[in-house]
Structure formats: structure tokens, C-alpha cells
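If you want the building blocks of each chain, they are given just below.
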Protein chains: 4
Amino acid sequence: MGKMEPGERNSISDVAGVTVGHVTINKGGVQTGVTAILPHQGNIFQDKLVAATHILNGFGKTVGTIQINELGTIETPIILTNTLSVGTATEGLIDYMIEQNSEIGATTGTVNPVVGECNDMKLNDIRGRHIQTKHVKEAIQQASADFDEGAVGAGRGMVCYSLKGGIGSASRKIPLHHGLYTLGVLTLTNFGQLEDLTINNRLLGRELTEKMNTVPNEKDQGSVIVILATDLPVSERQLKRIIQRSVIGLAKTGAQIANGSGDIMIGFSTATKIPHQPNGRLLTIPTIHEEEIDLAFRAASEATEEAVLSSLISVSHDEAYKKQSSEVMTLLQCLTKFDVRLS
Amino acid sequence: MGKMEPGERNSISDVAGVTVGHVTINKGGVQTGVTAILPHQGNIFQDKLVAATHILNGFGKTVGTIQINELGTIETPIILTNTLSVGTATEGLIDYMIEQNSEIGATTGTVNPVVGECNDMKLNDIRGRHIQTKHVKEAIQQASADFDEGAVGAGRGMVCYSLKGGIGSASRKIPLHHGLYTLGVLTLTNFGQLEDLTINNRLLGRELTEKMNTVPNEKDQGSVIVILATDLPVSERQLKRIIQRSVIGLAKTGAQIANGSGDIMIGFSTATKIPHQPNGRLLTIPTIHEEEIDLAFRAASEATEEAVLSSLISVSHDEAYKKQSSEVMTLLQCLTKFDVRLS
Amino acid sequence: MGKMEPGERNSISDVAGVTVGHVTINKGGVQTGVTAILPHQGNIFQDKLVAATHILNGFGKTVGTIQINELGTIETPIILTNTLSVGTATEGLIDYMIEQNSEIGATTGTVNPVVGECNDMKLNDIRGRHIQTKHVKEAIQQASADFDEGAVGAGRGMVCYSLKGGIGSASRKIPLHHGLYTLGVLTLTNFGQLEDLTINNRLLGRELTEKMNTVPNEKDQGSVIVILATDLPVSERQLKRIIQRSVIGLAKTGAQIANGSGDIMIGFSTATKIPHQPNGRLLTIPTIHEEEIDLAFRAASEATEEAVLSSLISVSHDEAYKKQSSEVMTLLQCLTKFDVRLS
Amino acid sequence: MGKMEPGERNSISDVAGVTVGHVTINKGGVQTGVTAILPHQGNIFQDKLVAATHILNGFGKTVGTIQINELGTIETPIILTNTLSVGTATEGLIDYMIEQNSEIGATTGTVNPVVGECNDMKLNDIRGRHIQTKHVKEAIQQASADFDEGAVGAGRGMVCYSLKGGIGSASRKIPLHHGLYTLGVLTLTNFGQLEDLTINNRLLGRELTEKMNTVPNEKDQGSVIVILATDLPVSERQLKRIIQRSVIGLAKTGAQIANGSGDIMIGFSTATKIPHQPNGRLLTIPTIHEEEIDLAFRAASEATEEAVLSSLISVSHDEAYKKQSSEVMTLLQCLTKFDVRLS
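Overview of the structure. (Residues numbered from 1 in each chain as written. Chains lettered and ligands numbered in written order. Predicted model: local features only at pLDDT ≥ 70, side-chain atom pairs only at ≥ 80, totals over all residues. Heavy atoms only, no water.)

1. Quick word on the overall build of chain A
Turning to step 1, where the next piece is worked out: When you go through chain A residue by residue, the secondary structure sums to nine helices and 13 strands.
Turning to step 2, where the next piece is worked out: In terms of overall size, chain A behaves like a compact globule, its C-alpha atoms giving a radius of gyration of 19 Å where 343 residues would be expected to give roughly 20 Å.
Turning to step 3, where the next piece is worked out: Reported as C-alpha extents along the three principal axes, the dimensions of chain A are approximately 70 × 45 × 35 Å.
Turning to step 4, where the next piece is worked out: Looking at chain A as a whole, 71% of its 343 residues are labelled buried. (Helix = DSSP H or I, 4+ residues; strand = E, 2+ residues; numbered from the N terminus. Rg over C-alpha atoms; globule rule 2.2 N^0.38 Å. Buried < 20%, exposed > 50% of the residue type's maximum accessible area, 1.4 Å probe, protein only.)

Set out below in C-alpha cells:
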């Protein structure tokens, strides 16, 4: 998919130091969870990273973007969960941060928790509020460079293109004169109507809907969260430009950015650590020249496109799902049922 | 103060339908609370109001601005509390909303909670996380057009200009050809250094610091939340322009908009209710002509200036405080101690 | 192309009152021009329209967006030309406006000219500055509901996907409960690399480049201007949301939103006229309910996609071009040369 | 004025390398001009500077902000003139830039001209369009570290607080651990009503209007342009934060940011030159730590406040004006006439 080469795992964790952890809740009508993305393996409150956000469509409840935009840095892991648990997850993330950093709220001000969400009410008893604050810490502790995709963590109850969505990830290598860099994307997918689904420029969704007797499309009320990591040395302004290009990847899968879709991008660069406290010297921020940015743009687009499709096709996703009955098919179930081959 | 006439109560509740409630926690080192602002007395999820936000300085953790910006409406009460309780308050507000609206998360999507905050760690054990989700509902139930100002609710532990800050409110009447309108402001004040305090163009802060042996000024790490209500018929774009003018009022009190200050404005207009569901007809939004907006600009500036000073001078504030020892004086205590008269 | 029905002309002029005029300069190495879009046929300074802009990528020199954003209205025709003539075109537009409105700069303040541009230096002697102020007035006077597309007006020297670009237009009908509305798009296309060109989900560009001995792709330094008109009753906020969806249409043609591409959207709604002066009464702005906006989103995407392709395929474009030698082929020339059929 | 120490000249040219030049047109009813600010003395197209803009109130026609925002750099001198000459000045600036840089529009893309404006129609025949393209080049050639303030250049016909406004400048020193830096501001003042004029917290405007038989206040339709220069090493994000603080300085002089006022801030840092072309290596951008920014905030506020007042009080201003009759008094004329002393 696309023209650029993926990283070793074809995952956001190809960016050195980035890990992902899930807590998945799978109990009958309760199908939800928490996903944690750790931008690096040190103390991120003490060593912040350059970060940026982009609101593609603001029908969403993501927490923490105001301060990222103002200061250009991120200082906590990123937590993903369902929409009505965003408060609980924020609380859980604050629990974790003040436990890790005794000076928060004592000698050094507070902390800016970052929590994204999608609405999993089609498959999950979202009103039941089954996420607890402890799940945040557990997801963080589970974090690993190897992590499952599909119907896991925050992706457990998500629906994408009327099929089973969830967590997907992909990466691209960025070869520049001064080094070989990596850009990775993790998506939480919960948007789209089957009819629009496009894979590698094939209108697969239209093919599938034509074979169905009933049209599964309802109003598109979903959302997508795009987390982008890179080791490319960039300013927060450059990073914002890069994450904005994920819309190209979304569009290539058929996304319409519908009214009800909270489409939020959050990006960070691991290239430079910004210390919490000044040390009396100037910071020195290495950045690429603007004329070198086009490959990163394309990498963001391609990795986003592939991450969305990975969320639909993931094996772990499918295995998790085939054990239970569900009104929502996975893509592979759908292809099998209607005897359509992907390639 | 200023040239325009205040409303009857000189309070945000001069805007018909707006009420304010507090839960105050006053137990030794625990000095914090919750304040709820109800934009109208009906079901605000069903009958939303035109709303806008402005990030004057984004070193803050306010929740809910993304969706207000995208959709131009507010659909919950506004909750204020301390910074590390923003997750808990969000959770509490979601509790309240889904209790009031059985269709949320069942038949109609989710809800966008709006929660603002300032950091009260100088006077409050903020790490102790003493706010509970139930306090949100209690504050909402306490809401009244008559409400206390000063060291109450979310303002309990706030420090402003090195003095006791907290909740303040003021209002202004806006006479236009087609009607007499009201604009009210409520501020949660937690910013500034004494030396900068200015009242009615008098550099009172400088006078006071010159009389002190020790200079009380530390680094300015505070914040201010400005809630603006009006019955003026305005679009969300016009409302955003109006709330931006509150910076003039802040500046006249001596504000420097310091790096560490999360300065956030949230405004709503009660003039038009936007139904949650479409009814098959076009909406009709009455708005003022742009050339009529200057009086609203000045009203926003004057009401903000007076609301900040009201948060410093409030009697209820002082009464609440004189019962306990504190390192932070109220303005009246300070004036008395150094024998300075306000006018 | 797409699922929605086009308007009668499949053009921006399907929105009643919208007309387009060109001045084309075709003299050897001078290949440039001016295109004027008139939002309605009355005096637009006296009767402004709701308007919005979106900066998809700000490597561009478009004039006039600041005031559109602040006031939510447009008060002049929109002029398009080459990048280094943006000053001259602005001057020409001011000439026209003060000639039409004797009170501008005399009794009523000034006027906000709106001028977009792309860089036509590959085919045009852009340093020669061949646009004159009078061309603006001529383009306005030429304006008609029937207008040429392709290598005309501002599109004369544009290059898109390494082929001949220029002016393209398309429209879509929007059937809602309360009426049948129209949304039209005009694009000035000057971006992209051939390899990325995609038509109806077919990677035509890749097919073509594989047949070529030399790869025509250079660095993507182009731009695209998207002008969107509609008679849908919308607020400026809603309109901004709608024009943002044109990125979906661009992406479907293969756009990468490269660093050097100034990608600017400007939209207006003809549904309501906003008078220059207040009349002592409230304005009444009819708008759709937000839940009705998805069709307009899709219309913006589809019309943009088709407008870009129309700029590549236009017959008038091809006829204008076949009379001269040029290093840049039109799409039809390219298809013929490499014996590829479009469908 | 304020607490911080001014630079040697108390002028924007205290920032090493910054110069300012004027062309003033003073012929009866034609009272207008051009002011050029040169950010450094080299070739700014080849060696760009970090830059940022802030739209405080967008009722204005400033050209060039879109690209500054996207790329974070400035690549031309800044030109100021009257509103209806913004096209001509843009054209003149392009003339100058392509003359200085033979590759523009030939081998390297185009150039982003930056032109600000205020409406001088009260004192100038603005409809007459008396600015010519050549005036831009002349103003650039006149540029010097020593330059006049008051009724000169673009400031010639401006009116501020119902008195004679125009060009004003001031500066402040910023002592940090790693060095002593300078921040300078130049304002083009054309806003405000006399009644609001405040000098050093004294409501001078009210005093003056009380002594007048006729009230000179009309509708506030003016504007202010704030140009901020510094040698402080900052990112474009930090610079944007700094220039936003100029609103505090404006407010302290009595500004209301009225509807009709185009209030635009443009800032640049001379600390780092960004080369036009990449050289195969990473850029290294030195920046202050965010916790060191508060002094720069205060410097921006104080220098803006003093620059506005300097535009009112300038001696050169007064000398230029006393030779002609005018309906608009200078501040010094007004103080003399009503026998009021400044201190």
C-alpha cells in the first residue's frame, strides 16, 4: 500500500521508544477498554516531547489539546477509551502521573492529561461506565513494542465502515540526507459507512453492499483518533503540518469526515527531549528544513491509510471476535460470507 | 467602574435563566470546591445554546472546548473546579447528564461535558483529590440566581494578585434600537502578582507592596476562567469576538497573561435555543448587525474587570476567610493592615 | 463520479446568481490571465454574503481571508490570477469597487478585496508581470453563467499532475426536507505529480508514467484554489465545515497537499444577504440544523473531485492548447500518445 | 512607563539590524505615505527569519499572514501604508523583491510580500490612491536605525484617540541567564476615542473631553498595526505567544478593540537565520525554555504601550503638523489648548 517502505513491525512502535498497552473488557454486553500509548520509556513529565494536535472535525471530547497547542509539548502518555469514560480515564491518568511525580501539585504546578475517545455505544453498554481509573495504570503497565491490533483495548467496541473496527497501526521509513527516520501511526477507528470503504483504490464497500440484501449503512456518527509518532527532528509547527496529512490517508479508505465524527490527530516527535525545568542555557532544537518535509507528509498519509485498514483486518481482532456472536461482522467474515477476495 | 450601567444584581445571573451553585470544601488543608453555571433552567441537552470559547493562554486543562468550537453550541452546565479534579468533575458531569437524558449513549450519541479549572495548590491539598463526582450534582442542585462570591465553590482555594481570589461576577446592560440586553460575567480568579494590581486606574498593588517589608510576589502561575452569558442575539462568531474583549478588562486589573496562566473564556447566548434534533424546517437565528457589536465589546470588558475585582473584595469571601488562619490575605485585610483606603 | 446528482450545468454557476469571467493572455511565453467569480448579480458591497475560508496549506499569497474570517462575510467578487500579480489584481479590484461604490473611503470605511493565486511560472513569464489592473474589470464584465474551463483566465498557465491544469468546475444537488439546494465548486488547479493522478479510483497516473521513458515528475510546488458556492442556508461556521470537506475530493484525485502547495478554500452562501448598514432591526439568518449537513459535506467532496478532473479534461482547454507548442501535455494528448482509454 | 528598562534608542531599531524608512506625502488633502521595516540588513529572501502573526481583530486587509503562519518565517521587508493602497504596495514590494532576487519566479518559486495597513480617510484623500509602487522601494532605501515617529510615512494621515496618531516605537531589554536581549515594537496607530485615552493609568482622555464644549468622539473605525522585533531566540510558537501580549499594552492606553479596528500583530526574531535552500544538514534552532518567557511577555506589553503613546507625542510628528491646518489636533496641541500638564 503506497510507495514508501514500512518499518520493521509496520507499527507505531517502529519509532524507537514508543510502546502501546491495552486493557480489554469483554463481558457480554460490555465490550470496551483502554489503550495507552507511551511516547518514550523515560519519565515523560520530566522529559517532554515536541507535540502537536489537529482537529479535523471537532465533534469529539478529546482532553488535553489546549495545552499541547499552547506549549508545543506532551507530558503524559496518551490514553484512548470510550466517550463516556473520558472523565474516568483523565482521572486515572492523573492518578498515575502524580504517583510517578511527587512534585506535581506540590512544588511544580499540575499536569496536562491527554485522553482521546470514540463512541462505542453500538457494541458496548457505554452508559454502564465500565472503565475504572485503575484500567489506565494497567494499560500503561502492559505497554510493549509488540501489541495487538483490532478489537482490543479502546478498540474493543468500535465499528468502522459498518464492520468491526478498533486499533490499527502502520509505519513508514523516511530516508533523508542526514539520516533514516521513521514515522508511525496508530488509529482508533470508529467511522464510515460500508458503501464508501475503499482498499487500494478498489471500491470494496460498494461491491459488498451490492451483494447484500439489506443495506447495513446507518448514519455515520463515528470518529477516528490518529496518533502519530516520529523520530524526525521537527518543530511543533512542522509536526502539525505532518499530522494534518493523515486526512489524505483517511480519504483514501473512503472517509467522508461526517458531521458526527470526532476526528482528532495528536502527534509527537521523539527527536528532542524538552526538560521540565530550565537549566539556565538555551535549548537547541534540531529540525529539518521545510523543503525536506514532503516525504514525511506522504509517510503520514500512507501510514494512516494502512493503519485504518489494519484495524479492519487484524488477525487478533478477528480471533477475539469469532468467539462471540455480534451484529457487526469483521471484514474477513464479510469477505468470506459474500465470497469476495481482497486481491 | 466603567461607563456602562450594571444589571440589577451586577451579576451573571442578571441574564435571565442563568444560575450558579457552589459546593465548598473547607477542612483544614483542604480548601477547594466546585462551581456550576447553568445556562438556562430547561434541559440544556435538548435545547442547546449558541456558544463560543477563546483560548487567551492555553496553559490549562479545560475540557469541552473542541466541540463547542466545531458545533457552536453548549449542551451541559459549565463546571469549575481545581486542576487535578478536572477528570472527576467531568465524570460527575457525565453522571448528571446521562441521568437527566436517558437517550444519551442509547439512542442519540454522547454528550460534551464542559469543565474549567484553576490550580489551587497554594491553599489546597490538590494532590489529595478531595473533589468527588457527587459534588458536581450537588453544585448543580444548589444553583440559584443569588449566589455567593469570593472564597466559595471552585474559588475556595484560589489566589489572585497574591491575595485571596475566587469567584466574582458583574454585569452590564446593552441598550440597542431593538431592545435592552444584558451581558454578565463570572470569573474564577487565580492569577497575577500583587505589584500589578490596578483598581480603577490606581496602581494599588504598587502602593501596597511599597508598604510591605517582604515582597509577596512569586512566579505567576495562576489562571483565570471567564464565563460570559448574554441574552443578546448573536452568532457563535459574534460571541467569540465578544468574549475575546474580556482581555481588556483583565488588563485593566493588571493582568500580564503570564506563561503559566491558563486563561480561558467560554461564552453563551440565551437568545436562541437550538433543538437537539432537527424538525424538518430551517432554523432561524436572530443576530445583531455587526455594526451594533461595540457596546457588547465594552460590556464584556467592563464586566470582566469588575468581576475580577469583585472576586477580591467579596464580603462572603472575607467572612468565610476570617474564620481561619491563612498565609494569603484578602484585599480588605491587606488594606486594613497597611491603612490604605480604596477611594 | 460520486453518488450525488450534478446540477444542470455541472458548474458553480448552477448556484443561481453566480457567474464567472475570464481574461486570457496568450502571447508566446506569456500565458496567464485573470478569472473573476461574482457571488451574485447585485451590488455585493451593499448586500454581502455569508462567507468562510479554510487554509488547507498556507504556502500561498491569497488576499482577503483575515476579514472574511472575522466578519463572516464577503463583499467583493473573487479574483484569481498568478502569484506575482496578486498585488496588481488587488489594486484592480479596489479600482472596480470604489468605482461602483462612491461611499467607500468617503463615508463608509474601506473594502476587503479577495484575490487568490497560483504560480504559473512553468508555462508563463511570471516575472514579466503581464497582468494589468484593467484586466480585473474586464474579467468581471465578461462574467457569465456560461464560461470556459481549462487553459483560460487565471488557469491559462497552470500545470496539474504534470499535465495541463487550469479552471474546472462541477456541482451537486442537495435534496433536504425543506428544499432542493445546489452546491458548486470552481477550482484553479496547479498541483500534483503525474504518478499520483487518480480518476474514479483508477491510478491512471501510474499507468501513464509506466509507459513513459522519462519520468515527468518534478518537485510538487503547485497550489490549488477551491471556490465553493451554495444556496444552502448556512452560518459561516457551517460553511467553513463544508469547504473543509473539499480536501476529500482533492485526495481522491491523488493530491498530497505538498509543502509548496498553497491550498486555499473560499466559500460563500447566496441564501441570505447581509446589508452593509444596520437598519435598527435584528437580522434573521436561516440555517440548516447541524444534523442535516452531511449531504453538503459529500457534495463539497464530490464537486471538488470532479472540478479538478474537469480542469484536466476540458475541451475548451484542449482547443486553446493544441494551437501552440508546449512542454506540458493535456490529459487527452497524453492518453492519445500512450494509447490509454479513460473508460 | 512600566518596570523594564528601554533600549538605547527606545525604538524597534534597538534590535540590531532592524531599520525603518518612510516616504511621506504631504500635499494639501493628500496626507499619506509608506513605511518600510527591514528585519535585517542582508538578503532576507535568502536568509529568512522566524516570524509569527496574530490577528487580534480581523477587520483589516493585511497581506502575507497566511504564509507566515504556515512556514513560520518572513522573507521580505514589512511595508505599511493606507488601506486602499495595499494592492499597490504589494505590487511595489514584489517589484523590489524580484529585482533583488533573480531566481524568484524563475528557478525557485515566488515570494510572500507582507503589507499592513490602516485607513487614513479622515485626513487623506484615500480614494485618490496617491501611493505609487515606487514609494515602496524609496521607503526601503530610506531605512535607517534612526527614523522619525509621528505623522510620517504610513502614519502621515492616521488618527488615534481622536488626536493625531501615526508611527510610534519603543523597546525593552530582557535580561536572562544566558544573555541580554532586546525587544522592540513599532506601531501604526489609527484607533480609539479620546474619552478612553489613558496615559500611565491617568484617564487623560476623560479630563480633556470634560474641558471641551464639543465631544470629538465619533465611531471608532480605526486600526492598529503592531510590528514586534526581538533578538531573543524563540520558536515561531513562542513568538506568537509574545506578540499576543501586545494587547495588554494597547489596553493600558485605553484601547477597546472596536469592531471596525483591524488590529494585527506581526513579529520576527533576528536570532536565527533560516536559509532559503536546505543544505543537507539539520537546522539547529536555539530557543529559550518556556519558563523564561514571562519577561518577554512583559516587554511586549510595555513596549507596545509606550509605542502607542510615542505615536501621539512624537516631536517630529508635531513639527510636521504645525505647518498645516488640520481638524485633528496633536496631543501636545490639545494639552496646551486646555491647559493640562502631562506630569
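2. With respect to the interface of chain B and chain A
When the parts come together, some accessible area is lost, and that loss is often what is quoted as the size of the interface.
Turning to step 1, where the next piece is worked out: Contacts between the two partners involve 43 residues from chain B and, on the opposite side, 43 residues from chain A.
Turning to step 2, where the next piece is worked out: Across the chain B/chain A interface, buried area totals approximately 3400 Å², and carbon plus sulfur atoms make up 59% of it.
Turning to step 3, where the next piece is worked out: At the boundary of chain B and chain A, one finds two salt bridges.
Turning to step 4, where the next piece is worked out: Residues Asp-95 of chain A and Arg-129 of chain B are paired through a salt bridge, measuring 2.6 Å at the closest nitrogen-oxygen approach.
Turning to step 5, where the next piece is worked out: If you list the elements that add at least two residues to the side of chain B that touches chain A, you get strand S3 (47-58), helix H1 (65-71) and helix H2 (86-100) of chain B.
Turning to step 6, where the next piece is worked out: Broken down by element, the side of chain B that touches chain A gets its largest block of residues, eight residues, from H2 of chain B. (Contact = heavy atoms within 4.5 Å. Buried area = accessible area lost by both parts, 1.4 Å probe. Salt bridge = Lys/Arg side-chain N within 4 Å of Asp/Glu carboxyl O.)

3. Notes on helix H2 (residues 86-100) of chain D
Residues and elements named next belong to chain D.
Turning to step 1, where the next piece is worked out: The end-to-end C-alpha distance of H2, which contains 15 residues, comes to 21 Å, matching closely the 21 Å that a straight helix rising 1.5 Å per residue would cover.
Turning to step 2, where the next piece is worked out: Counting buried positions over the 15 residues of H2 gives 12, a clear majority of the element.
Turning to step 3, where the next piece is worked out: Within H2 the residues assigned to the buried category are Val-86, Gly-87, Thr-88, Ala-89, Thr-90, Glu-91, Gly-92, Leu-93, Ile-94, Tyr-96, Met-97 and Ile-98. (Expected span 1.5 Å × (residues − 1).)

4. Describing the relation of the copies chain B and chain A
Turning to step 1, where the next piece is worked out: Of the transformation superimposing chain B on chain A, the axial component is 0.0 Å and the angular component is 180 degrees, with the fit at an RMSD of 0.0 Å. Considering both components of the superposition, the chain copies are consistent with a two-fold axis. If distances are taken from each C-alpha of chain B to the rotation axis, the shortest is found for Gly-87 of chain B, at 2.2 Å.
Turning to step 2, where the next piece is worked out: Interface residue correspondence from chain B to chain A reaches 100%, placing this contact among same-surface, isologous pairings. (Least-squares fit on C-alpha atoms with pLDDT ≥ 70 in both.)

5. Overview of the pairing of strand S6 (residues 114-118) of chain A
The side chains of a regular strand alternate, first on one face of the sheet and then on the other.
Residue and element names in this part refer to chain A.
Turning to step 1, where the next piece is worked out: Taken across its five residues, S6 has five buried, putting it largely inside the fold.
Turning to step 2, where the next piece is worked out: With five bridges connecting them, strand S5 (residues 78-82) and S6 associate as parallel partners. Bridging across to S6, Thr-81 finds its partner in Glu-117.
Turning to step 3, where the next piece is worked out: For the crossover that starts at S5, traverses helix H2 (residues 86-100) and ends in the parallel S6, the hand is right-handed. (Pairing = 2+ DSSP bridges. Right-handed = clockwise from strand over helix to strand, strands pointing away.)

6. Things to note about the interface of chain A and chain C
Turning to step 1, where the next piece is worked out: Listed as interface residues are 31 residues of chain A and, on the opposing side, 31 residues of chain C.
Turning to step 2, where the next piece is worked out: A buried area of about 2800 Å², summed over both sides, lies between chain A and chain C, and 37% of it is on carbon and sulfur atoms.
Turning to step 3, where the next piece is worked out: Of all residues in chain A, Asn-201, Gln-256 and Asn-259 of chain A give up the largest surface area on contact with chain C, accounting jointly for 22% of the area buried on that side.
Turning to step 4, where the next piece is worked out: Across the contact surface, chain A and chain C share six salt bridges.
Turning to step 5, where the next piece is worked out: Measuring nitrogen to oxygen at the nearest pair gives 3.7 Å for the salt bridge that ties Asp-196 of chain A to Lys-3 of chain C.
Turning to step 6, where the next piece is worked out: On inspection of chain A and its partner chain C, the count reaches 14 residue pairs in polar contact (both at pLDDT 80 or more).
Turning to step 7, where the next piece is worked out: Secondary-structure elements contributing two or more residues to the side of chain A that touches chain C are helix H6 (246-253) and helix H7 (294-313) of chain A. (Polar contact = N/O pair within 3.5 Å; in protein donor to acceptor, adjacent residues only side chain to side chain.)

7. Examining the sheet that holds strand S5 (residues 78-82) of chain D
Residue and element names in this part refer to chain D.
Turning to step 1, where the next piece is worked out: Ordered in space as S1-S2-S5-S6, the four strands form an open sheet in which the pairing is mixed. Of all the strands in the sheet, the pair left with one neighbour each is strand S1 (19-27) and strand S6 (114-118). Within the sheet, the average angular offset between the axes of one strand and its neighbour, ignoring direction, is 15 degrees.
Turning to step 2, where the next piece is worked out: Pairing analysis gives three bridges linking strand S2 (residues 30-38) to S5, with the strands arranged antiparallel. If you follow Ile-37 over to S5, its bridge partner there is Ile-78.
Turning to step 3, where the next piece is worked out: Contacts from H2 reach S5 and S6 within the one sheet, and its direction differs from that of S6 by about 155 degrees.
Turning to step 4, where the next piece is worked out: Across the face of the sheet, helix H3 (residues 133-142) comes into contact with S1, S2 and S5 while running at roughly 130 degrees to S1. (Axes fitted to C-alpha atoms, helices over the stretch in contact; angles between N-to-C directions.)

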